[in-house]
Amino acid sequence: MNSYTICSCNPEAIIRPISSGQEYMRKVLRDDRSGNPIIIVPGIMGSRLYKDTSENSKRKRQRYDASTRIWDPSPSSIFKVDDYLAPESTLPILVRPCENQNYAKPCYGEGSVKLDGREYGAQELAKALVDGLCECEKLGHRRVYMFSYDWRQSNFISATKLRRFIEKLCKEEGFEKVDLIGHSMGGLLISSLYAGHIVVDGIADPLFTRRDLSIRSKIDKIITLGTPYEGAPKLIDAVINDHMFSSDVELDIKANLSDFFLAAFGKLSKRIKSSFRGVAELIPTEKYVDTGHVHVNMLSSASSRKAVFDYSTDYTDYIAFCKKIFSEEIIEKAILFQNAIRENGRNILFGYPKAFFIIGTGYPTLHEIYLDNGREKLQYTCYDKDIRSLYIESEEKCGDGTVPYFSSTMGGILSSMAKERFCSYPVRHVELCSCSNFHYIRKDRVSILDNIVNILLYGSMLAHD
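Thresholds applied
Residues numbered from 1 in each chain as written. Predicted model: local features only at pLDDT ≥ 70, side-chain atom pairs only at ≥ 80, totals over all residues. Heavy atoms only, no water. Helix = DSSP H or I, 4+ residues; strand = E, 2+ residues; numbered from the N terminus. Pairing = 2+ DSSP bridges. Axes fitted to C-alpha atoms, helices over the stretch in contact; angles between N-to-C directions. Contact = heavy atoms within 4.5 Å. Polar contact = N/O pair within 3.5 Å; in protein donor to acceptor, adjacent residues only side chain to side chain. Buried < 20%, exposed > 50% of the residue type's maximum accessible area, 1.4 Å probe, protein only. Patch = residues over 30% accessible without salt bridge, like charges linked within 9 Å, V, L, I, M, F, W, Y side chains within 5 Å. Areas by Shrake-Rupley, 256 points an atom, 1.4 Å probe, with all protein chains shown as cover. Salt bridge = Lys/Arg side-chain N within 4 Å of Asp/Glu carboxyl O.

Points about unusual backbone geometry
Generally, phi is negative for residues other than glycine and the peptide bonds are trans, each holding for most cases.
(1) Moving on: Each neighbour pair has its own omega, and for Trp71 with Asp72 the value is -5°, a cis peptide bond.
(2) Moving on: You can see Asp72 is positioned in the loop between strand S6 (69-71) and helix H1 (81-85).
(3) Moving on: Not every positive phi belongs to a glycine, and Gln123 is a case in point at roughly 55°.
(4) Moving on: Note that Gln123 resides in the loop between helix H2 (112-116) and helix H3 (127-134).
(5) Moving on: Phi at Lys267 takes a positive value of approximately 55°, unusual for a residue other than glycine.
(6) Moving on: For Lys267, the location among the structural elements is in the loop between helix H7 (253-264) and helix H8 (270-273).

Here it is as C-alpha cells:
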C-alpha cells in the first residue's frame, strides 16, 4: 500500500497503487507541504523590471525574458532605461509574479516559471541561492519563492505587498508560517513587514501607514544577508557619481563597464537616481552619522580660487544636504521609514529570537564621506581598508565592499550576539547571494547555503568566526 514509483513523465509526481493487488494506479504530486515555504527577498536593484506588453500583444501571455526586460538592461533595452525609470515616465513597469520556483524542470512548473524558467533576480545574483534551496535534499520539496518588487518605491509599499502575498499563500494553500531570506535592502523590507506597517490605500499621503502585528503569527525564521541596518555611504556616492556597481579602490572591469554603459547609453542620471525612494531609505542613519564618519562642508568654495573648509558632523546639516540631492519630501519619508523599523534604538529584528544574521567582511568599503554643501558633490571618500592590504591577515573589521561593518552589525551589537544567530564570511556584498554555495575549506568553514539550510531545519547556525 505504501510502495510507490516515480512517474517517468513527470518527475514532480509519484505513482501509488490504489490498493493491494490492483493494477490501477493514481498519480500524486510530491509533497511540497513538509515544511514552511521559503521566500527570498532581493536587495536594491536586485529585482528585474519588465515592460508591460499586455496592450500590444495579440492575446499573448506576458513574457519575462530579455525581450521585455528593462532592468537589468539587456543590450537591446539599455537605450530605454531612462524612458522607463525617469520620475515623469508614464510607461508601465511590471515585476515578475511571486511563484514557486521548486520544480525539477521548468516544463513541470506553472505560470511564468514554465514559460521563462526560474527567476534569479538582476544579473542572476540569486541563482546559487535559489537553485541550492530547490535542489537541497534535506529540505525535501519545500516551495521556494522569489519575491520581486519595484525597488524604486518605498519599502513601506513593497513590505505591504509581501504581507498580502503571505496572507494569501497561507489562506489559500493552508500553510501556517513562512521562512524569509532577505539580501541587503531585502532585510529592511522584511523589518518593515515584521514591524507590521501597512500602507493605507485611498489616502492623499501615499505612504500613510497603520500598524498591524498579526502578520508575525505567519512568520517563522528570518535570515538576513548583508543588510545595511544603519545605511551605507555607498548609496550617496552611487547617486551623485557613476558608481552604481564600481568603486574607487577596486579594479573591477565588469562593474566599471556596467556603470559606463548605464550612464552613457542608459542615461541613468543623478536626476533619475535621486527620485528612487528605495535608495533614499538606504542613506546613513542618524546613528551612523553620530559616529563622525559623515562630514558636510558648510562653506561654499564655488566662487573662490582657494578651497575653504568648515566641516560639520551634525545630523541636521547632513539631512539638509540630502534634501538638496533628493528632495525634501523624499528624505523626510526616508527618515520616517528608518525610524519606523527601530525598537529600543536598534533594528526591530534584533529582538526576534528566530532572526539570524549573516554578513560579509574583509573588503574595502566606503565608510566615511566628505560632502560639499555648496556644490552638492562628494569632496573626499575614505575606505575602511587599503586595497594593498586586502589579503593580509588583520584584526580590523571591514565591510563587504558595499555595507560598512558598523552598519551590517547594527552598530556593532550583532557581533556580541550568540553565534547561533550571527556569523560573518570573507565575501563581498553580492557574493553573499551569488556565491552562497561556495565551500570554505579553511578552519572547517561551511558554505553560506549550508548555514541557511541548517537554520531553516534546526534554528541554529553551523559556521562560527
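So that's the structure; there's more coming.
Let's talk about the sheet that holds strand S12 (residues 219-225)
(1) Moving on: Spatial strand order, S8-S4-S9-S12-S17-S20: six strands in an open sheet with parallel pairing. Strands at the two margins of the open sheet, each flanked by one partner only, are strand S8 (144-146) and strand S20 (422-425). The mean inter-strand angle of the sheet, taken between neighbouring strand axes irrespective of direction, is 15°.
(2) Moving on: Both strand S9 (residues 178-183) and S12 contribute to a ladder of five bridges, which runs parallel. Within S12, the residue paired with Gly182 across the bridge is Thr224.
(3) Moving on: Sitting on the sheet, H3 is in contact with strand S4 (38-41), S8 and S9, with an inclination near 175° to S4.
(4) Moving on: Here helix H15 (residues 448-458) sits on the sheet and contacts S4, S9, S12, strand S17 (355-360) and S20; the angle it forms with S12, its principal contact strand, is near 165°.

Some thoughts on the side chain of Arg118
(1) Moving on: Within the secondary structure, Arg118 is located in the loop between H2 and H3.
(2) Moving on: Within the structure, the side chain of Arg118 is placed 3.1 Å from the backbone oxygen of Tyr103, a separation counted as a polar contact.
(3) Moving on: Side-chain polar atoms of Arg118 contact the side chain of Asp131, separated by 2.8 Å.
(4) Moving on: Setting aside residues no more than four positions away along its own chain, Arg118 makes contact with Arg96, Gln101, Asn102, Tyr103, Val130, Asp131, Cys134 and Glu135.

Side note on the side chain of His429
(1) Moving on: On the secondary structure map, His429 appears in the loop between S20 and helix H14 (431-434).
(2) Moving on: For His429, a relative accessible area of 7% puts it in the buried group.
(3) Moving on: Separated by 2.8 Å, the side chains of His429 and Asp400 make a polar contact.
(4) Moving on: Apart from residues lying up to four places away in sequence, His429 is in contact with His183, Ser184, Gly226, Asp400, Thr402 and Val403.

Describing a nonpolar patch on the surface
(1) Moving on: Taken together, the side chains of Phe79, Leu257, Phe260, Phe261 and Phe265 present a nonpolar region at the surface, about 480 Å² in accessible area.
(2) Moving on: Looking at the secondary structure, you find Leu257 in helix H7.

A look at the pairing of S9
(1) Moving on: In terms of residue burial, S9 counts as a mostly covered element, since six of its six residues are buried.
(2) Moving on: Going residue by residue along S9, you find Val178, Leu180 and Gly182 tucked away on one face and Asp179, Ile181 and His183 tucked away on the opposite face as well.
(3) Moving on: Both S4 and S9 contribute to a ladder of four bridges, which runs parallel. Pairing of Val41 across the sheet is with Gly182, part of S9.

Taken by themselves, the reported measurements are silent on function.
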